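Geometric and topological summary
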Amino acid sequence: MRVLVTRPEPGASETTRRLETLGFQPIKLPLQETRPLPVDDSACPEDVAVVVVPSASAVRHAPRGLLDKWAGAPCLAVGEATAQAARAAGFSQVREGGGDAEALAGDIIANKPSGVVGYMCGKVRRPVFEQRLAAAGISVCVVETYDTLPIACDDRAVIEAVGTGSIDYVLVYSANAAELLLDLTTRKTLQNLFASTTWICISARVAELFSGDRNKIVIAQEPNEEALLDALRDAASRVS
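The paragraphs below set out a description of the structure included in this document. On a predicted model such as this, the values are computed, not experimentally measured, just so you know.

**Notes on the packing of aromatic side chains**
Counted according to the given criterion, the structure contains three aromatic pairs. With centroids separated by 4.1 Å and ring planes inclined at 20°, the aromatic side chains of Tyr 119 and Phe 129 adopt a geometry described as stacked. Within this pair, whereas Tyr 119 is found in strand β7 (residues 117-122), its partner Phe 129 is found in helix α6 (residues 128-135), the two being separated by ten residues in sequence. Using a relative accessible area of 2% as the deciding quantity, one classes Tyr 119 as buried. When the centroid spacing of 5.8 Å and the interplanar angle of 15° are considered together, the rings of Phe 194 and Trp 199 count as stacked. Sitting above the plane of the Tyr 173 ring, Arg 7 keeps its charged end 4.5 Å from the centroid.

Rendered as structure tokens:
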């Protein structure tokens, strides 16, 4: 079964390897890329009570000066892959959170820190984490370490990557990715590729962007890749 992977690198290659192990035929077509943003780490506080990381990219693109400054603090990572990236960057006290920014905020509020929370994140995000902490009276130092930008993909590039066969499943990791995918489906040259596609969405918010046959829209039980792949396996088992 052909599964389209559109997430940015290096995640696209990591997911492709996982899909091959699971017996799927992955098709890699990154529609976005991440780029580091300039960070003035001298403006960040030396002492933070905890560092929160909502994505592996936030750690990978963080400047060494900021990592050296904050690596001694406890680190709350959104999931396993992000926790591994945090450890590789030098954090020694890493704990996995609940899968998304909402869950990370709930964790911090439930275990109210004694000082400032350091939040390494991307420029493109919903500000739910910092908003919830602000409402709870918790100080947050927000540091945007990277931006996520679309990759221009003309019809020829898509067909070269995907071929002419239909796509059985697409893994959809974010609302931004969903919007880029929907643009592809509206192109006359590409419509046949997506005629029978099932969209495997990381959250209900992302799934809401898709219309049509609701049986072709599957939502992961939790907002992380492990649950996304579980949803893919379940969907594939029902048609095999």
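**Here we look at helix α8 (residues 175-185)**
All of the buried residues in α8 are Ala 175, Ala 177, Ala 178, Leu 181, Leu 184 and Thr 185. Buried positions in α8, seen along its axis, are confined to an arc of 160° and lie on one side of it. Buried positions along α8 lie against β1 (2-5), β3 (32-36), α7 (155-162), β9 (169-172), β10 (198-201) and α9 (204-207).

**Considering the sheet that holds strand β4 (residues 50-53)**
Taking strand neighbours across the sheet as the criterion, the six strands line up as β3-β8-β7-β4-β5-β6 in an open arrangement whose pairing is mixed. The open sheet has two free edges, formed respectively by β3 and β6 (94-96), since each of these has just one partner strand. Each adjacent strand pair in this sheet contributes to an overall mean axis angle of 25°, direction not counted. Here three bridges tie β4 to strand β5 (residues 75-77), and the two strands are oriented parallel to one another.

**As for the sheet that holds strand β2 (residues 25-28)**
Sheet strands pair by backbone hydrogen bonding; their relative direction is either parallel or antiparallel. The strand order β2-β1-β9-β10-β11 describes an open sheet built from five strands, whose pairing is parallel. The outermost strands of the open sheet, each flanked by one partner alone, are β2 and β11 (217-219). Each strand axis lies, on average, 25° off the axis of its neighbour in the sheet, ignoring direction. When β10 meets β11, the two strands line up parallel, connected through three bridges. Residue pairing for β11: Cys 201 is matched across the bridge by Ile 219. Helix α1 (residues 11-21) rests against β1, β2 and β9 of the sheet, and its axis sits at about 165° to β2.

**A short note on the packing of α1 against helix α10 (residues 225-239)**
Where α1 contacts α10, the two axes come as close as 12 Å, and the packing angle between them is 40°. Viewed along their axes, α1 and α10 adopt a mutual orientation that is oblique. The element α1 and its partner α10 pack so that their crossing is right-handed. Residues Thr 15, Arg 18 and Leu 19 of α1 form the contact with α10, whose own contacting residues are Glu 225, Glu 226, Leu 229 and Leu 232. Of the residues in the contact of α1 with α10, the class split is three nonpolar, one polar and three charged.

Calculation criteria
- Residues numbered from 1 in each chain as written.
- Predicted model: local features only at pLDDT ≥ 70, side-chain atom pairs only at ≥ 80, totals over all residues.
- Heavy atoms only, no water.
- Phe/Tyr/Trp six-rings, centres within 6.5 Å; stacked < 30°, edge-to-face > 60°.
- Helix = DSSP H or I, 4+ residues; strand = E, 2+ residues; numbered from the N terminus.
- Buried < 20%, exposed > 50% of the residue type's maximum accessible area, 1.4 Å probe, protein only.
- Lys NZ or Arg CZ within 6 Å of the ring centre and 35° of its normal.
- Arc of directions from axis to C-beta.
- Contact = heavy atoms within 4.5 Å.
- Pairing = 2+ DSSP bridges.
- Axes fitted to C-alpha atoms, helices over the stretch in contact; angles between N-to-C directions.
- Parallel < 35°, antiparallel > 145°, perpendicular 65-115°, else oblique.
- Left-handed = near helix turned anticlockwise from the far one by under 90°.
- Nonpolar A, V, L, I, M, F, W, Y, C, P; charged D, E, K, R; others polar.

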